[in-house]
Amino acid sequence: MSAGDDGLVLNFATDTGPTRTMIPINQKPRGGRWKDRMEERRKIKSEIWKARKQTDRQQTGVMQAKHTDVRASESNIGTQKEQSQQALSTVDNGNQANNTNRRANNAGYLSQTNRHIVSSLFTRNPEIPTLPQSAGQENRVSSNAVIDTSSFEGIGLNAGMLEYMSNKMDIAKPTAIQQNAIPVLIGKPIQALIAGADDSNDDGEFDVERAANVEHDVFIQAATGSGKTLSYLLPIFHRLVQAGASATAGQPPSRSLGTFAIVLTPTRELAQQVLETAQQLAQSAGSRSNWIVPGIVIGGDKKQSEKSRLRKGVTVLACTPGRLLDHLENTQSFVVDHLRWLVLDEADRLLELGFEETLTKILALLDEKAKRRVRVLGHRTMETSLELPRRRINVLCSATLRDNVKRLANESLHNPRFISATRIYGNAEAAAAEVHGEDVAEENSMLPMDVDSDQNFSLPSQLVQKAVVIPAKLRLVTLVAQLRNTLRRLPTSKIIVFMSCTDSVDFMYFLLAYGGIVPETSDAQTQAEDLFKTLDSNGDGDDGNDSDDRFHDRKQPAPATADLTLREEDITLDSSVVPGAGLYRLHGSMLQKRRTETYTAFSKARHAAVLFTTDVAARGLDLPNVTSIVQFDPPTGIASYLHRVGRTARLGRSGEASLFLLPSESKYLTLLAQKGLRPDDETMEVILKQMAKHEGARKASEWQLRAGEVQSMLERFVAFNATAASLARQAYLSSIRAYATHVAEEKHVFNVRALHLGHLAKAFALREAPNQVATGKGNNARADDTRKEKKEKRERELAAKKKPKFKRGNDISEFAVGDISAYYAPRVKRTKDSD
Ligand SMILES: Nc1ncnc2c1ncn2[C@@H]1O[C@H](COP(=O)(O)OP(=O)(O)OP(=O)(O)O)[C@@H](O)[C@H]1O
């Protein structure tokens, strides 16, 4: 093993051995004319091929049985094709039935003569196991839609706001969670209290217990896309508007009173989204409520401008935890004396991202400031005359009810109500008893005790979930097929594709943008392309009628693709691989400005759009009209599954979500089933056949040919474009690293050692054997690595260093490539997506 090698490199090397048919170096024909050498080479290969043919058939028995309909046979192939193959002499497909694939594959490997031997897409794939029976998702009736029989007026919200909401925001009726949460948060009881009594005890001191008996903290738990944001923002605005309206004439409220409500979110995008909703509600409040000013403080923005915003006064503040704590500690002009609401949105994600300590500090600081103020001024201050809650109301929102969320609830909520879409749970006595550690009747408990915390989440019932088991080699082409099929069915679809790391996002974004453009080729490559065309136009034994124009990829113009790079400023790119779709990408390593622009652009897109993203977009983001989710890389943890698929089927709309799994990962469906999630199974074959059918295949059996063509097209692009090649390698490595970070309970399903790394390379359109990926050196590639090539490579690398392809927001990306040994002992933690 060389110095740079390690276990993984060994793994790469040994893993891929059986898939190749290579000419041993000592048998390589040398000297003589080029044509003679090619002829000689062909003969040697043919010998090796024959020897292995028998083994191949046995090994590929399962896949073969499924695909016997591939009808092209060796005997039908015309003389011209034979000659062309001799000239190409690149791919050994290894069996007769897959001869049609060879034609496709040849296209991708033309420039790779005597470099790499790549196995066929459909051979030597692992067996696809029979999936556990899905429950059949019959209940398609929407579970998170608005309730037709209810109204906001009935709940008692401000009439002026309701009119604006109905006219301008198209929000006229509440959802179930809003119907339950808003009345509790409007806090009618406190108005009764203010009318008759105060909250002082017999000694004249402020009686927290007494106030707590009428102002409830709230835990809101409801399905994704059920309108949780409005269920806490509407009551806040309603009460601020009411307070402003009832203020005494001489003492109108002003923004200088500081912040009345803080909404903490785990990600910057979510904070942005909360801000936008708050701004709309501020508009709805009318000109008399001009003092209600929403604002935002998030990491990634200039702190100075945030400070000056806070100095002017922000009434309702959306923020991420790190930056909020920073301002609480360091910004003198940040007034929280009158804070009346603290909302922890997506509480489970806040905890998952490791914000527990930050939250504890924030809560302690806010409590301390509140006490100091009461000590100095007494509780009868200006804002209490504003008919606002007497103390800070804490609200926790979550779509799941995991143990850590329960703990946070117990620690941070006083006298809480547990509110779900179907019930309001608990009461003050029960809550108090719970807080004091006493046994309480189950029906009175603050949080339901009978539920398994993992199971206690709900998905919209109208959401159609699917699982597709796909061999590694076919993942990429199946993704392309899935996207094309969806856009054909729903031409203005918005699709989100979830990936495990930022490098994969960057790669897929770039690949699907430019990968369908036929690259500008060198003379040798042009010659090879011509041969491929000749081969096609002369028939190849299929039916003699093949033409270059059947599949649109070949009609693409041929601009210079070699110079294409990934540019930070490209918020969206038109896809050459999924025609008609605009592509977007979003991840935690992008500059905040770009993240915001992307989020806004994707949200506003009126055309077909595909967003590649990490889990940064999984939680809470309300991206309107998303019709489909594709989990290209499986989620880490069930909660992540839930939140990812929850980006569609929002507010009563329909939606579908597909989960891509490797055959070795199909056990994941059992894990999902244990949590009550039973996606329908769909086969890769159906997806690929659908694509072929719509793209010119005349016979059902041509689906493999079509898949091969698409794969070849993408591999060819990666081979010819330096940026794509580099992105592909980075993505390949980073995704394996990300794979090693699956949670402990799932490690037996997502075992990095079970990955076939050679096959996996194809999912990144890579033709290099993984050992070359890992070390930058190949076995037989180096033979023709001439001095000139090396010099060119050095120059390219130098140029790339001078002119970075794109600037990263942070120093390290999520799972950025680093030390290979980190696969087995990952040292870099996931970077936080916020702050
Ligand atoms: N009553 C309503 N009528 C019409 N639209 C609504 C209503 N309530 C909320 N919406 C809209 O529904 C979408 C989803 O709301 P929201 O993002 O608050 O859901 P959520 O429950 O927080 O989802 P998640 O759990 O994924 O964060 C938003 O676009 C919001 O404006």
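This is a predicted model, so every value here is computed, not measured.

Undergrad: Describe the packing of helix α12 (residues 268-284) against helix α22 (residues 592-604), and please don't skip the residues or the numbers.
TA: With their axes 10 Å apart at the nearest point, α12 and α22 run at an angle of 55° to one another. The pairing of α12 with α22 is recorded here as oblique in orientation. Where α12 crosses over α22, the two elements pack in a sense that is right-handed. Taken together, the residues of α22 that come into contact with α12 (itself represented by Arg268, Glu269 and Gln272) are Gln592, Arg595, Thr596 and Tyr599. The class makeup of the residues in the contact of α12 with α22 is 1 nonpolar, 3 polar and 3 charged.

Undergrad: Kindly report on the pairing of strand β10 (residues 494-498), identifying the contributing residues and their values.
TA: Counting buried residues along β10, 5 of its 5 residues qualify, which places the element largely inside the surrounding structure. Here β10 shows two buried faces, one formed by Lys494, Ile496 and Phe498 and the other by Ile495 and Val497. Both β10 and strand β13 (residues 609-613) contribute to a ladder of 5 bridges, which runs parallel. Bridging from a neighbouring strand, lysine 494 pairs with alanine 609 of β13. As judged from the 4 bridges shared by β10 and strand β14 (residues 628-631), these two strands associate in the parallel manner.

Undergrad: Any chance you could break down unusual backbone geometry for me, citing the residues and the numbers?
TA: The phi dihedral of asparagine 625 falls on the positive side, at around 60°, and the residue is not glycine. Mapped onto the fold, asparagine 625 is located in the loop between β13 and β14. For asparagine 625, a count of 15 C-beta atoms within 10 Å puts it in the partly exposed group. Look at alanine 649: it is not a glycine, yet its phi comes out positive at around 55°. Mapped onto the elements of the fold, alanine 649 is located in the loop between α23 (638-645) and β15 (655-661). A count of 29 C-beta atoms within 10 Å places alanine 649 in the buried class.

Undergrad: Provide a residue-level description of the site of the ligand, including the pertinent values.
TA: Taken together, 20 residues lie near the ligand, and Gly227, Lys228, Thr229, Gly620 and Asp622 sit nearest. It is helix α11 (residues 228-245) that contributes the most residues to the shell around the ligand, 3 residues altogether. Broken down by class, the residue content of the shell around the ligand amounts to 7 nonpolar, 9 polar and 4 charged. Counting residues domain by domain, the shell around the ligand receives three or more from each of domain 2 (176-435) and domain 3 (463-768).

Undergrad: Any details on the environment of alanine 728? Residues and values, ideally.
TA: Inspection of the secondary structure assignment puts alanine 728 in helix α27 (residues 722-739). Judged by the 30 C-beta atoms lying within 10 Å of it, alanine 728 is buried. A C-alpha to C-alpha distance of 9.3 Å links alanine 728 and alanine 763, two positions 35 residues apart in sequence. With near-sequence residues (within four places) excluded, alanine 728 lies in contact with Phe507, Val718, Phe764, Ala765 and Leu766.

The rules behind the values
Residues numbered from 1 in each chain as written. Predicted model: local features only at pLDDT ≥ 70, side-chain atom pairs only at ≥ 80, totals over all residues. Axes fitted to C-alpha atoms, helices over the stretch in contact; angles between N-to-C directions. Helix = DSSP H or I, 4+ residues; strand = E, 2+ residues; numbered from the N terminus. Parallel < 35°, antiparallel > 145°, perpendicular 65-115°, else oblique. Left-handed = near helix turned anticlockwise from the far one by under 90°. Contact = placed C-beta atoms within 7 Å. Nonpolar A, V, L, I, M, F, W, Y, C, P; charged D, E, K, R; others polar. Buried ≥ 20, exposed ≤ 12 C-beta atoms within 10 Å, placed from the backbone. Pairing = 2+ DSSP bridges. Near = placed C-beta within 6 Å. Domains from an automatic or database assignment.

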